[in-house]
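If you want the building blocks of each chain, they are given just below.
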Amino acid sequence: MQTFRQQFKQILTFFLFIAIFSGYKPVFAETKDKDTHHVQNSLDWPGIYYGFTPCADCNGVKTTLALNKNNSYILITQYVGKSEREFVEKGKFTADSKSNTIVLTPRNSATTQQYFVGENTLIQLDNNGNRISGKLAERYILRRTDIAQSSPSHSSHSSH
């Protein structure tokens, strides 16, 4: 049960970070130009993404990435099998509408990370902005894990 508690604690911490970040700026501003198609308004990208990416000297990297509407992000990584420590990185991200990518730029570093934006997924790219290929390519996908509360649950009500 310790892993469930750790996971719950991590998720709770993430929601706290999101609540703090979302308080900085109103998130209701939308673009009025319907002809402009950018990554930000063509895909519903804000949310929490989770994956278990490959690692050269550990079992894998448990990765949780929260993208906020104000272009801030929080990235939490844990090197499973090597350390119980969670590394928390905060920063800003920019979106490139031509290539459907986002670029994460940490607050305390110039080292950026790129992701291709898909529907409810982020695909980690290599340092040159290319998709990672090979037999582990599928493991570089982060999947959106947050659940939208705006739609009613279909399982609790049955219509006859």
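Bear in mind the structure is a predicted one, so any value in this text is a computation, not a measurement.

S.K.: Could you give an account of the state of the cysteines, naming the residues involved and the relevant values?
M.R.: Counting across every chain of the model gives 1 disulfide. One disulfide bridge connects Cys55 with Cys58, the sulfur atoms lying 2.1 Å from each other. Taking the torsion about the S-S bond as the criterion, the Cys55 to Cys58 disulfide, at about 125°, is right-handed. Side by side, Cys55 and Cys58 carry an identical accessibility label, which is buried.

S.K.: Describe the environment of Gly51, with residues and values.
M.R.: With respect to the helices and strands, Gly51 occurs in strand 1 (residues 47-53). Looking at Gly51, the relative accessible area reads 5%, which means it is buried. Each C-alpha atom of the pair Gly51 and Thr64 lies 6.6 Å from the other, and the pair is 13 residues apart in sequence. When near neighbours in sequence (up to four residues on either side) are disregarded, Gly51 contacts Val61, Lys62, Thr63, Ile141 and Leu142.

S.K.: Could you give an account of the side chain of Thr63, with specific residues and numbers?
M.R.: Within the element layout of this structure, Thr63 appears in strand 2 (residues 60-67). According to the relative accessible area criterion, Thr63 is buried, its value standing at 4%. Side-chain polar atoms of Thr63 contact the backbone oxygen of Val61, separated by 3.2 Å. Setting aside chain neighbours within four positions, we find Thr63 in contact with Tyr49, Tyr50, Gly51, Thr53, Leu75, Ile76, Thr77 and Leu142.

S.K.: Which residues make up unusual backbone geometry, and what are the values?
M.R.: Glycine aside, residues mostly have negative phi, and peptide bonds are mostly found in the trans state. We note that Asn71 has phi near 65°; this positive angle belongs to a residue other than glycine. Relative to the helices and strands, Asn71 resides in the loop between strand 2 and strand 3 (72-80). The backbone of Asn100 shows a phi angle near 55°, a positive value even though the residue is not glycine. One can find Asn100 in the loop between strand 4 (86-96) and strand 5 (101-106).

Procedures and definitions
Residues numbered from 1 in each chain as written. Predicted model: local features only at pLDDT ≥ 70, side-chain atom pairs only at ≥ 80, totals over all residues. Heavy atoms only, no water. Disulfide = S-S within 2.5 Å. Buried < 20%, exposed > 50% of the residue type's maximum accessible area, 1.4 Å probe, protein only. Helix = DSSP H or I, 4+ residues; strand = E, 2+ residues; numbered from the N terminus. Contact = heavy atoms within 4.5 Å. Polar contact = N/O pair within 3.5 Å; in protein donor to acceptor, adjacent residues only side chain to side chain.

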